[in-house]
Amino acid sequence: MKVSIVDYGAGNLPSVERALAVLGAATERASEARQISNAQVLVLPGVGHFSAFVAGLRARKLEAVIRDAHARAVPILGICLGLQAFFVSSHEAPNEAGLGFLDGDVRSLPERVKSPHLGWNQVRTVKIGRLLRGVAADAHFYFAHSFAAPVNEYTAAACDHGFPFAAVIEFKNLFGVQFHPEKSGATGSRVLRNFLDATR
């Protein structure tokens, strides 16, 4: 099974590709609508600004085909900004619409804490899910973000930095992580393996 990594003109594609290759996954960079229309598994990596992310998808005419893939129950993993794009909107770019797969808005981290939230932090399980299967309860992951989705009904694990935010999301064919599994060592690799296992 090939993993299609959405290429919208930004994002941490090489490190995600390497992390998946170590697990034996074949990957392709999907920058055209036809590739996503034929995808069996999608990964939405993300770094940068929410508006640039949305603009990159729009410029390549990828929004509609990603929504169609979701409707067809294609497994989709959103990483960092990719997870945030699952929601209706983000305070980072209030005039831009997210993909709208999940209700709610992504909001900025509080001014009282250091932002961006950069480095290792521990997550805590909210409900049993597939991505953290076999991961130690005290596991730490690497984060790099200034915005986050509040804990909600889709949250499988949370993290705290100014407020509790969704660190892992699972809902039907949607999987999302606010941290970067490709930068989180063996524990992050286990999360990616669990995602691949969930797609089979």
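Please refer to the structure higher up on the page.
Below: a short report on this structure. These numbers come from a predicted model, not from an experiment.

1. Examining the nonpolar core
Right, on to step 1. If you look at the biggest cluster of nonpolar residues, it comprises 36 residues, and the most contacted ones within it are Val123 and Phe141.
Right, on to step 2. Once you skip the residues sitting within four places of it in the chain, phenylalanine 141 turns out to touch Gly119, Trp120, Asn121, Val123, Leu132, Val135, Phe179, Ser184, Thr187, Gly188 and Val191.
Right, on to step 3. Within the second largest apolar cluster, 33 residues are counted, among which are Ala85, Ala93, Phe147 and Leu174.

2. Some details on helix α4 (residues 63–71)
Right, on to step 1. If you check which residues of α4 are buried, you get Glu63, Val65, Ile66 and Ala69.
Right, on to step 2. Its buried side turned inward, α4 meets β1 (2–6), α2 (33–37), β3 (41–44), α3 (50–59) and β4 (76–79).
Right, on to step 3. Where α4 terminates, the next one or two residues include alanine 73, which has phi positive at roughly 65 degrees.

3. Overview of the sheet that holds strand β5 (residues 87–90)
Picture the strands of a sheet paired through backbone hydrogen bonds; they go either parallel or antiparallel.
Right, on to step 1. Judged by pairing direction, the sheet is mixed, and its three strands sit side by side in the order β5-β6-β10 without closing on themselves. Of all the strands in the sheet, just β5 and β10 (147–148) have a single pairing partner and so form its edges.

4. Considering the sheet that holds strand β8 (residues 124–125)
Right, on to step 1. On the basis of which strands lie adjacent, the open sheet formed by eight strands has the order β2-β1-β3-β4-β13-β12-β11-β8 and mixed pairing. Lying at the two open borders of the sheet, with one neighbouring strand each, are β2 (26–30) and β8.
Right, on to step 2. Pairing analysis gives three bridges linking β3 to β4, with the strands arranged parallel. If you follow leucine 42 over to β4, its bridge partner there is isoleucine 76.
Right, on to step 3. Across the sheet, helix α6 (residues 185–199) is in contact with β1, β3, β4 and β13 (174–177); its angle to β3 comes to roughly 150 degrees.

Here is what the cut-offs are and how they apply
Sequence order as written defines residue numbering, which begins from 1 separately in each chain. Local features in this predicted model are restricted to residues whose pLDDT is 70 or higher, and side-chain atom pairs enter the listing and the counts only when it is 80 or higher, whereas totals over whole chains, interfaces and linings include all residues. For side-chain calculations, the full set of non-hydrogen atoms in the structure is used, while hydrogens and water are omitted. Grouping buried Ala, Val, Leu, Ile, Met, Phe, Trp, Tyr and Cys residues that are joined through side-chain atoms within 4.5 Å yields what is termed a nonpolar core. Relative accessibility under 20% of the residue-type maximum defines a buried residue, over 50% an exposed one, and the middle range a partly exposed one, all with a 1.4 Å probe and only protein chains included. Should any heavy atoms of two residues lie within 4.5 Å, those residues are considered in contact. We count a stretch as a helix when DSSP gives it H or I for four or more residues in a row; a strand needs E for two or more, and each element gets its number in order from the N terminus. Any two strands are treated as partners once DSSP identifies two or more bridges connecting them. Every axis corresponds to a line fitted to the C-alpha atoms, with the helix fit spanning only the stretch in contact, and the corresponding angles, defined between N-to-C directions, vary from 0 to 180 degrees.

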